[in-house]
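Tertiary structure, described
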Amino acid sequence: LITRSALPGNPGWPEALLVIVTTLATLVSLARILAGQNVLLAAAIIGLLGGIAHGMGAKTAFPFGPFVFSEAAGLQFFNVLAWPMPLIWIIAILNARGVAKLILRPWRKLKSYAFWLIGVTATLVVLFDLALEPYAAYVNRYWLWLPTKFPFTWYGAPIVNFFGWVLTALLILAFTTPSLSKKPARTNKNRLDYHPLVVWLLALALFATCAFQNQLWPAAGLCVLTGVATAIFAVRGARW
């Protein structure tokens, strides 16, 4: 992004490699804390439900609003769903949940902790999408938003899109929380895991770099403020 130089090979392969490697890194990191079968089960549920939601959205405009995937997004399953979307959901959900656990660590013994964890995770997932949309849809045009009756959009994405992300995230978390809440068998259950925070901040740095280059100042400001705020709250919570 910084050098604007064309890399050898087919266009788009660095972004594709980034999505795949980030997904694998997220799963391997989580497998150091939870049993491998639990991690794989959670990833399968996230990818399946997230993929179904976006496939249905591209076909029916529900629950995200009217959009279509472009050829820039790569191979499409059943000519409807771009292949990176299930992986993007895995990255967003698992790393947002990891950051939420750091933020909420001082309150982990409260009876309502599980509900707070789901709520903060869903909020972070929506912030992730707010940062992602200018990069993926507005600049790189991996998907194209169609006109709606909504008076306000975020770089083409209608407001209903973010409500759709909230609902989908809550649905996914309802099904994956049991497998992600198992107590670790081989490691200290109080062990701090900063890996999700690192992935989260690097993703925001990527989106912010693209926004600054294209003079998308509101998007750049959102990425910077979100990154600074989550880093402060996560580190503060982890050291409590």
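The helix and strand inventory of the protein stands at 7 helices and 6 strands. From first element to last, N terminus to C terminus, the protein shows the α and β order α-α-β-β-β-α-α-β-β-β-α-α-α. In terms of C-alpha radius of gyration, the protein reaches 18 Å, essentially the compact-globule figure of 18 Å for 240 residues. In terms of its C-alpha atoms, the protein occupies a principal-axis envelope of roughly 45 × 40 × 35 Å. Considering only intrachain contacts with a sequence separation of at least 6, the fraction spanning at least 24 residues in the protein is 74%. In the form shown here, the protein has an accessible surface area of approximately 12,800 Å², with 71% of it arising from carbon and sulfur atoms. Positive and negative side-chain charges in the protein, numbering 18 and 5 respectively, have mean positions lying 20 Å apart.

Okay, the packing of aromatic side chains next. The geometry of an aromatic ring pair comes down to the distance between the two centres and the angle between the two planes. A complete count under the given rule lists 13 aromatic pairs for this structure. Centre to centre, the rings of Trp89 and Trp165 are 4.2 Å apart; their planes meet at 20°, and the pair counts as stacked. Residue Trp89 is located in helix α3 (residues 84-103), and its partner Trp165 is located in helix α5 (residues 159-180); the two are separated by 76 residues in the primary sequence. Assessed through its relative accessible area of 0%, Trp165 is described here as buried.

Looking at the element boundaries, Thr226 is found in helix α7 (residues 217-238). Within the local environment of Thr226, its side chain forms a polar contact with the backbone oxygen of Leu222, the two atoms lying 2.7 Å apart.

Another point: the side chain of Arg97. Assignment of secondary structure puts Arg97 in helix α3. If sequence neighbours within four positions are ignored, Arg97 has contacts with Leu117, Thr121, Leu180 and Ser181.

Across its 22 residues, α5 extends 30 Å between first and last C-alpha, which sits within 8% of the 32 Å expected from 1.5 Å per residue. Those residues of α5 lying buried are Asn161, Phe162, Gly164, Trp165, Thr168, Ala169, Ile172, Leu173, Thr176, Thr177, Ser179 and Leu180.

Turning our eyes to something else, we now look at unusual backbone geometry. In this chain, Phe62 is followed by Pro63 through a cis amide linkage whose omega measures 10°. Checked against the element boundaries, Pro63 lands in the loop between α2 (36-60) and β1 (67-69). Even without being a glycine, Ala61 presents a positive backbone phi close to 75°. Mapped onto the fold, Ala61 is located in the loop between α2 and β1. At Tyr155, a position not held by glycine, the phi torsion is positive, near 55°. Note that Tyr155 resides in the loop between β5 (153-154) and β6 (157-158).

Definitions and limits used
Residues numbered from 1 in each chain as written. Predicted model: local features only at pLDDT ≥ 70, side-chain atom pairs only at ≥ 80, totals over all residues. Heavy atoms only, no water. Helix = DSSP H or I, 4+ residues; strand = E, 2+ residues; numbered from the N terminus. Rg over C-alpha atoms; globule rule 2.2 N^0.38 Å. Contact = heavy atoms within 4.5 Å. Areas by Shrake-Rupley, 256 points an atom, 1.4 Å probe, with all protein chains shown as cover. Lys, Arg positive; Asp, Glu negative; His and termini not counted. Charge placed at Lys NZ, Arg CZ, Asp CG, Glu CD. Phe/Tyr/Trp six-rings, centres within 6.5 Å; stacked < 30°, edge-to-face > 60°. Buried < 20%, exposed > 50% of the residue type's maximum accessible area, 1.4 Å probe, protein only. Polar contact = N/O pair within 3.5 Å; in protein donor to acceptor, adjacent residues only side chain to side chain. Expected span 1.5 Å × (residues − 1).

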